[in-house]
Amino acid sequence: MLKLMGFYAPRNLRIVRGEGQYLWDVDGRRYLDCHTSHGVAFLGHRNPIVVEEIRNQLERIMVLSPVFDSEVKDEVTKLLEMILPKHLTYFYLLNSGSEAVELSLKLARRITGRKKFISFINAFHGRTMGALAMTWNPSYRKDYDPFPWEVEFLPYNDVGAVERAVDDRVAAVIVEPVQGEGGLSAAKPEFLKVIRERCDRTGAFMIVDEIQSGFGRTGVLWAYQRAGIEPDILVAGKSMGGGFPVSMVAAREEIGAKIEAGAHGSTYGGNPLALAALKGGIKALLEDHVVEKAAEAGELMGRMLERVASENPESVRGVRGLGLMRGLELRWSPTPCIQELQSRGVLALRAGLTVLRLLPPYMITRQDIEELGKKLNESLKTLASRKTT
Ligand SMILES: Cc1ncc(COP(=O)(O)O)c(C=O)c1O
């Protein structure tokens, strides 16, 4: 019998439909989706603007090599210009976050000529070999060495460690402004500022990985903007395609201008359907004021989670994250709580060993958040009573 490789623990839930912030299972049961397929469906399931763009594109052409020009490519270039910082003047599209991280590292390796990278404890940057080398979790790395480059992992938010470690042997420092998989720690502005300063002083590139935190999820367009710095390379993915696989690398003029034909490539990167999805994603972001709505909903989420934390001190250590990239740090594994929530019609996921992660779509309502708070409370109380009996 043919079987799927077991890289993910199954949830035993058969989903048949998604709309906005909700999913429905085969029995017609509705779920509030705070899993969003690892944060992809931030624009909601089947966002109407994204669906319309993909549908229109399907009627015209589905595949076109990057060597050809097209109207949709021109449109996406104009839209990207509206959401990228002005100093990032080159971009390239790929299909997954790992591929985009891989390209950012290859650019740093090739242009600086250096072979050492700096990453951080609890960082997650993907699973392809270059990206995996930057990913901290020892269980993800186990048995896959040797990696293509030397990596030093520093404690996250440790300014002194950055000052000591970033020297002129370093090709790039790669950092998540909010660590997604690793436990929802948010970077302090001075931490990102010191990385920027050390990179300026030593000629290393600062790569900001916004694959999970970007595109408005934390209540600002790009989470690094809170620190008032500018990266040399910005990497994005997940939300931007509205559910369609799209990722992006954007780079400074001096980096982009040094790229030669043949130095990288991708058969499917920036294919017409992906371009249409990205066009729809950016239009949705701008037309529906997604960033502002995520900031507002994020405030409500934060307050609700603080309340839940204060009502469940026996289970909760604290609230993590920013905007709609939120979590509760628990005193034990989040898996039983995720199961309890699922049985109550809420889908969530974990981050690191102890954090319950919630990545809802931007259109989550006040009522959804109140309902979520109630179900979190019930789930935590149920688990706590089970532990004491
Ligand atoms: C910050 C970050 N970087 C990279 C990746 C890898 O993206 P993908 O799974 O699309 O390859 C992820 C995925 O969760 C991520 O959160």
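Preceding this paragraph is the structure being described.
Figured I'd write up the structure that's included with this text.

Procedures and definitions
Residues numbered from 1 in each chain as written. Predicted model: local features only at pLDDT ≥ 70, side-chain atom pairs only at ≥ 80, totals over all residues. Pairing = 2+ DSSP bridges. Helix = DSSP H or I, 4+ residues; strand = E, 2+ residues; numbered from the N terminus. Axes fitted to C-alpha atoms, helices over the stretch in contact; angles between N-to-C directions. Parallel < 35°, antiparallel > 145°, perpendicular 65-115°, else oblique. Left-handed = near helix turned anticlockwise from the far one by under 90°. Contact = placed C-beta atoms within 7 Å. Near = placed C-beta within 6 Å. Nonpolar A, V, L, I, M, F, W, Y, C, P; charged D, E, K, R; others polar.

In this section: the sheet that holds strand S1 (residues 15-19). Spatially, S1-S2-S3-S13 is the arrangement adopted by the four strands of the open sheet, whose pairing is mixed. Two strands bound the open sheet, and with one partner strand each, they are S1 and strand S13 (346-347).

The next thing to look at is the packing of helix H2 (residues 48-58) against helix H10 (residues 272-287). Here H2 crosses H10 at 150 degrees, and the two axes come no closer than 8 Å. With respect to each other, H2 and H10 are oriented roughly antiparallel. The element H2 and its partner H10 pack so that their crossing is right-handed. Touching Ile49, Val50, Glu52, Glu53, Ile54, Asn56 and Gln57 of H2 are Pro272, Leu273, Ala276, Ala277, Lys279, Gly280, Gly281, Lys283, Ala284 and Glu287, all from H10.

Where strand S2 (residues 22-25) and strand S3 (residues 30-33) come together, three bridges link them in antiparallel fashion. Across the sheet, residue Leu23 finds its bridge partner in S3, namely Tyr31. The turn joining S2 and S3, which pair antiparallel and follow one another in sequence, is formed by four residues; a positive phi near 85 degrees is taken by Gly28. Across two bridges, the pairing between S3 and S13 is parallel. Paired with Leu32 across the bridge in S13 is Val346.

What follows deals with the site of the ligand. Around the ligand, the surrounding shell holds 15 residues, and the nearest of these are Ser96, Gly97, Ser98, Gly126 and Gln212. Take the shell around the ligand: its biggest share by element is three residues, from helix H4 (residues 97-112). In the shell around the ligand, the residues fall into three nonpolar, nine polar and three charged.

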